[in-house]
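Coordinate analysis (summary)
So you can see what is in the structure, the chains are spelled out below.
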Amino acid sequence: MDYELPPAMLEGGVGAGTSVLLAGPPGSGKRELLWEVLTTGRKGGSVLVTMTDPVDELGFTFERVDPDEPEVHAVDASGRLDPDAVDGLSEPHRRVEVVDGPADFTGIGMALASRLDELDPPNPNRRVGVDGVAPLLDAVDWESVYKFLRRMSDRARADDWLFVATLDTDAVGQVDYNLVEQAFDTVLETSPADGGDAVRPADEAE
């Protein structure tokens, strides 16, 4: 199938059924690229799971403006969302679910399943994004984090959708980075570049 993606993601065999880790320092465009992935293409729908900033501080619009635009839902696992702020989000009771925090894997899994079930129509062009793997490593043990990421990757492969997560490389050591990347099919490293952001496969990093 023709799987629409931002040009920066076309390297490394990225497409339906794959899992991708976007790794880089702050300010290298990881979150912006993740959001572009979630909103590129038509009618598949996407779910963003945020482990870092509350959804009301991301500056993203969880709203379908046009019938031909992809529908985006969210699971807020930041643990920092003011409940009153949800009322300020578009169609909050249908688009955004809130769980206790990054360590609440059961809550995240249930909320994610609920949001995926709400996406209409079912479509292999859908995508799931996790903004911030580093908070998971702070909240729970490595084995639990790996199992969570691996389950997400396996489901993406089984259901033929795309799973993308971001990792702040300044927030983790090399050992943790090496462990996290084992849960993904592809690792793309982001870095600030002249006039924009550079993205390249990790094995091509200098």
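So, how was this worked out
- Residues numbered from 1 in each chain as written.
- Predicted model: local features only at pLDDT ≥ 70, side-chain atom pairs only at ≥ 80, totals over all residues.
- Heavy atoms only, no water.
- Helix = DSSP H or I, 4+ residues; strand = E, 2+ residues; numbered from the N terminus.
- Buried < 20%, exposed > 50% of the residue type's maximum accessible area, 1.4 Å probe, protein only.
- Contact = heavy atoms within 4.5 Å.
- Areas by Shrake-Rupley, 256 points an atom, 1.4 Å probe, with all protein chains shown as cover.
- Phe/Tyr/Trp six-rings, centres within 6.5 Å; stacked < 30°, edge-to-face > 60°.
- Core = buried A, V, L, I, M, F, W, Y, C linked by side-chain atoms within 4.5 Å.
- Polar contact = N/O pair within 3.5 Å; in protein donor to acceptor, adjacent residues only side chain to side chain.

As for the overall build of the protein
Check the secondary structure of the protein and you find 7 helices and 8 strands. Evaluated residue by residue, the protein yields a buried proportion of 49% over its 206 residues. Within the protein, counting contacts between residues at least 6 apart in sequence, those at least 24 apart form 73% of the total. Surface exposure of the protein reaches about 9400 Å², of which carbon and sulfur atoms provide 45%.

A word on the packing of aromatic side chains
Summed over the entire model, instances satisfying the criterion amount to 3 aromatic pairs. Summarising the aromatic geometry, the rings of Phe 105 and Phe 148 are spaced 4.8 Å apart at their centres and angled 5 degrees between planes, so their arrangement reads as stacked. Placement of Phe 105 in helix H4 (residues 105-118) and of Phe 148 in helix H6 (residues 142-159) is noted, with a sequence separation of 43 residues between them. Phe 148 carries the same exposure label as Phe 105, and that label is buried. Arranged with centres 5.4 Å apart and planes meeting at 50 degrees, the rings of Trp 142 and Tyr 146 form a pair that is tilted. Within this pair, Trp 142 and its partner Tyr 146 are both found in helix H6, separated by 4 residues, close to a single helical turn. Judged by its relative accessible area of 27%, Tyr 146 is partly exposed.

Notes on the nonpolar core
Counting residues in hydrophobic clusters, the biggest one holds 35 residues, and the most contacted among them are Leu 21, Leu 149, Phe 163 and Leu 167. Breaking this core down by element, the ones donating at least two residues are strand S1 (19-24), strand S2 (46-50), H4, strand S5 (127-131), helix H5 (134-139), H6, strand S6 (162-168) and helix H7 (174-181). Val 20, Leu 33, Ala 74 and Val 164 belong to the second largest nonpolar core, which has 20 residues in total.

Digging into the side chain of Ser 78
The topology assignment puts Ser 78 in the loop between strand S3 (72-76) and helix H2 (83-86). At 3.1 Å, the side chain of Ser 78 forms a polar contact with the backbone nitrogen of Arg 80. In contact with Ser 78, not counting residues within four places along its chain, are Thr 50, Met 51, Thr 52, Asp 53, Pro 54 and Pro 102.

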